[in-house]
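Residues per chain, in single letters:
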Amino acid sequence: MSESGYLENPFTPTFGEVPPYLAGRSLALNELARAFSGTRRHPSLTTAITGARGSGKTALMAAAADEAEQRGWVAVRTAALPGMLEDILISARRKCSHLLLPERPARISGIELGQLVGVEWENPEQFTNWRHETTLLLDQLEQSDTGLLITVDEVQPTLPEMIHLAAVYQLLVTERRKIALLLAGLPHNILALEKDKRVSFMRRAQKQRLGRISDYEVRQAMIQTIEEGGRTATPEAIDLMVAATDGFPFMMQLVGFRTWDAQRATGTIDLPQAQEGIELARAEFLDSIVKTTYHSLSNGDRAYLAALLETEEPTNSAVAKQLGKTNSYALQYKNRLMSQGVLDEESNGHLRFSLPLMREYAEQQSR
Ligand SMILES: Nc1ncnc2c1ncn2[C@@H]1O[C@H](COP(=O)(O)OP(=O)(O)O)[C@@H](O)[C@H]1O
Ligand SMILES: [Mg+2]
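Residues numbered from 1 in each chain as written. Chains lettered and ligands numbered in written order. Predicted model: local features only at pLDDT ≥ 70, side-chain atom pairs only at ≥ 80, totals over all residues. Heavy atoms only, no water.

J.: Tell me about the overall build of the chain, and name the residues and values.
T.: Regarding its fold elements, the chain presents 15 helices and nine strands. For the chain, with 367 residues in total, the buried portion stands at 47%. Long-range contacts, defined as pairs at least 24 residues apart, comprise 72% of the intrachain contacts of the chain with a sequence gap of at least 6. Total accessible area on the chain is roughly 18400 Å²; 50% of this is exposed by carbon and sulfur atoms. (Helix = DSSP H or I, 4+ residues; strand = E, 2+ residues; numbered from the N terminus. Buried < 20%, exposed > 50% of the residue type's maximum accessible area, 1.4 Å probe, protein only. Contact = heavy atoms within 4.5 Å. Areas by Shrake-Rupley, 256 points an atom, 1.4 Å probe, with all protein chains shown as cover.)

J.: Break down the environment of R231 for me, citing the residues and quoting the values.
T.: With respect to the secondary-structure elements, R231 resides in the loop between α8 (215–228) and β6 (232–233). Distance from R231 to W260, taken between C-alpha atoms, is 9.1 Å for residues 29 residues apart in sequence. A distance of 3.0 Å separates a polar atom in the side chain of R231 from the backbone oxygen of W260. (Polar contact = N/O pair within 3.5 Å; in protein donor to acceptor, adjacent residues only side chain to side chain.)

J.: Account for the nonpolar core, naming residues and giving values.
T.: F285 and L343 are the most contacted members of the largest nonpolar core, which totals 49 residues. For this core, the element with the most residues is helix α11 (residues 271–295), which contributes seven residues. Two domains each provide a minimum of three residues to this core, namely domain 2 (220–293) and domain 3 (297–366). In contact with L343, not counting residues within four places along its chain, are R209, Y304, L305, L308, L337, M338, L351, R352, F353 and S354. Formed by 35 residues, the second largest nonpolar core is a distinct cluster that contains A92, L159, I163 and I179. (Core = buried A, V, L, I, M, F, W, Y, C linked by side-chain atoms within 4.5 Å. Domains from an automatic or database assignment.)

J.: Go over the pattern of salt bridges with me, naming the residues and quoting the values.
T.: Side-chain pairing between opposite charges can occur once the charged atoms of the two side chains come close. Using the criterion set out here, one finds 24 salt bridges in the structure. A salt bridge links R34 to E31; the nearest nitrogen and oxygen atoms lie 3.5 Å apart. In this pair, R34 and E31 are both assigned in helix α1 (residues 26–37), three residues apart and thus about one turn of the helix distant. In this structure, K334 engages E345 in a salt bridge whose closest nitrogen and oxygen atoms are separated by 3.0 Å. Of this pair, K334 sits in helix α14 (residues 327–339) while E345 sits in strand β8 (residues 343–345), placing them eleven residues apart in sequence. A relative accessible area of 38% means that E345 is categorised as partly exposed. Bridged by salt links that share partners, the residues R131, D139, E142, E175 and R177 form one connected network. (Salt bridge = Lys/Arg side-chain N within 4 Å of Asp/Glu carboxyl O.)

J.: Please give an account of the site of ligand 1 that cites residues and values.
T.: Lining the immediate environment of ligand 1, one finds 23 residues, of which T12, G16, E17, T58 and Q253 sit closest. Here an oxygen atom of ligand 1 sits 2.8 Å away from a polar atom, N or O, in the main chain of A59. For ligand 1, whose accessible area on its own is 560 Å², the fraction buried by protein is 98%. Within the residue set of the shell around ligand 1, elements represented by two or more residues are α2 (57–70) and α10 (249–262). Looking at which domains feed residues into the shell around ligand 1, each of domain 1 (26–101 + 128–210) and domain 2 (220–293) supplies at least three. (Near = heavy atom within 4 Å.)

J.: Talk me through α8; I want residue IDs and the actual numbers.
T.: The end-to-end C-alpha separation of α8 is 20 Å, in line with the 20 Å expected for 14 residues at 1.5 Å each. Buried residues of α8: V218, A221, M222, T225 and I226, and no others. The buried residues of α8 occupy an angular sector of 125° when the element is viewed end-on, so they sit on one face. Exposed side chains of α8 directed beyond 90 degrees from the buried face belong to Y216 and E228. On its buried face, α8 sits against β6, α9 (235–245), α10 and β7 (268–269). Within two residues after α8, G230 carries a phi angle of roughly 100°, on the positive side. (Expected span 1.5 Å × (residues − 1). Arc of directions from axis to C-beta.)

J.: Please provide a residue-by-residue account of the pairing of strand β3 (residues 147–153), values included.
T.: Of all seven residues in β3, seven are buried, a share of seventy percent or more. Alternating residues of β3 divide into G147, L149, T151 and D153 and L148, I150 and V152, and every residue in both groups is buried. When strand β2 (residues 73–79) meets β3, the two strands line up parallel, connected through seven bridges. When the bridges of β3 are listed, W73 appears paired with G147. Sheet analysis places β3 next to strand β4 (residues 179–185), joined by five bridges and oriented parallel. Note that in β4 the partner of L149 across the bridge is A180. Between the parallel elements β3 and β4, the chain passes through helix α6 (residues 160–174) in a crossover that is right-handed. (Pairing = 2+ DSSP bridges. Right-handed = clockwise from strand over helix to strand, strands pointing away.)

J.: I'd like a description of the sheet that holds strand β1 (residues 46–50), backed by residues and values.
T.: Strand order in the open sheet formed by five strands is β2-β3-β4-β1-β5, with parallel pairing between adjacent strands. The sheet is open, and its two borders are formed by β2 and β5 (206–209), each paired with just one other strand. Mean inter-strand twist for the sheet, computed between neighbouring axes without regard to direction, equals 15°. Bridge analysis of β1 against β5 gives four bridges, and the strand direction is parallel. (Axes fitted to C-alpha atoms, helices over the stretch in contact; angles between N-to-C directions.)

J.: Could you give an account of helix α7 (residues 187–195), with specific residues and numbers?
T.: Inspection of α7 places P187, N189, I190, L193 and E194 among the buried residues, and these make up the whole buried set. Buried residues in α7, looked at end-on, bunch into an arc of 170°, giving them a common side. Turning to α7, the residues buried within the fold contact β1, α6, β4, β5 and α14.

J.: Tell me about the packing of α9 against α10, residues and numbers included.
T.: For the pair α9 and α10, the least separation of the axes is 8 Å and the interaxial angle reads 145°. Helix-helix and strand crossings are classified by hand; for α9 and α10 the assignment is right-handed. Side by side, α9 and α10 meet where M241, A244 and T245 of the first sit next to M251, M252, V255, G256 and T259 of the second. For the contact of α9 with α10, a count of residues per class yields five nonpolar, three polar and no charged. (Left-handed = near helix turned anticlockwise from the far one by under 90°. Nonpolar A, V, L, I, M, F, W, Y, C, P; charged D, E, K, R; others polar.)

The following block contains the structure:
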């Protein structure tokens, strides 16, 4: 209960904020947790998470880093920005010094780590590099069988430090170091990184493409978030909120948040409150995500979407026919739209819009 006497809103419609319940991520998290607990190297220790903006990449990566820390790894969280390599070393050292407290069973003493840090700061001109410094750190961590997880959010394939990090990481893996790398980014950025010849091993990284979350999972997370927050909702209200979420994490938080605030006074969320909240949430989602995404597309992309809306079967070949073009011409646009997080392809080859309301908006715009 907050000071004003209202129950605090438990929903988190903010980018990068980890929600109280992560809907539909238990498989992915279990897989990563297994990788962090294994004694042998698991392929998931190098994973790239991709998906549209708002699909929950940052939240999943943060939850995975928590799992790693619970299993005796040191997790260093960073984003692909200039200075990231130094940032990784500084954060890692800060976290490692904690490991070297006297009561810990680490064999390295705090003095030695202190000296290492001291040497570096006192003689800045002494020859060293990122690989060397990271290796020294890994040497120390090895004494207590501690692994080093690096998470990189908002992957930028054009950032030189990003390439450097990936290249050194590959060498450290070859040296059988206990190290893991989780990357998160928009599909086209991850794709571009994989295509970079200097870090071709990235192509073999595990992929977690965050698609639509099932209604069942959304419903569970919605109910749990509301109940933990101290309220309940009628089944009809929940049904409507789940349908409005359309399997998309950011939308789930927006719908929950606005509905919670619709009429704060009553304990049980009912249908009129859900309707009111959903209306606000949809308007916000349209403004913050759908419009910006749509207007960043090229004319060719938009023509593809317009054709897709006209086809009977939502497949690339049907779009090609509709456009009067070859399959391979259409394929380029399909790939572009998928890599921008606008379209997803189901296992039967059917294309669907990744974002709620995008279909309706594209319809309206192509009229
Ligand atoms: N699995 C999930 N279930 C419910 N809400 C989620 C989930 N993942 C993320 N969210 C929420 O969705 C919003 C977007 O998540 P975020 O991780 O920032 O997305 P991205 O990094 O892909 O842009 C945040 O408000 C977050 O709290
Ligand atoms: Mg993010």
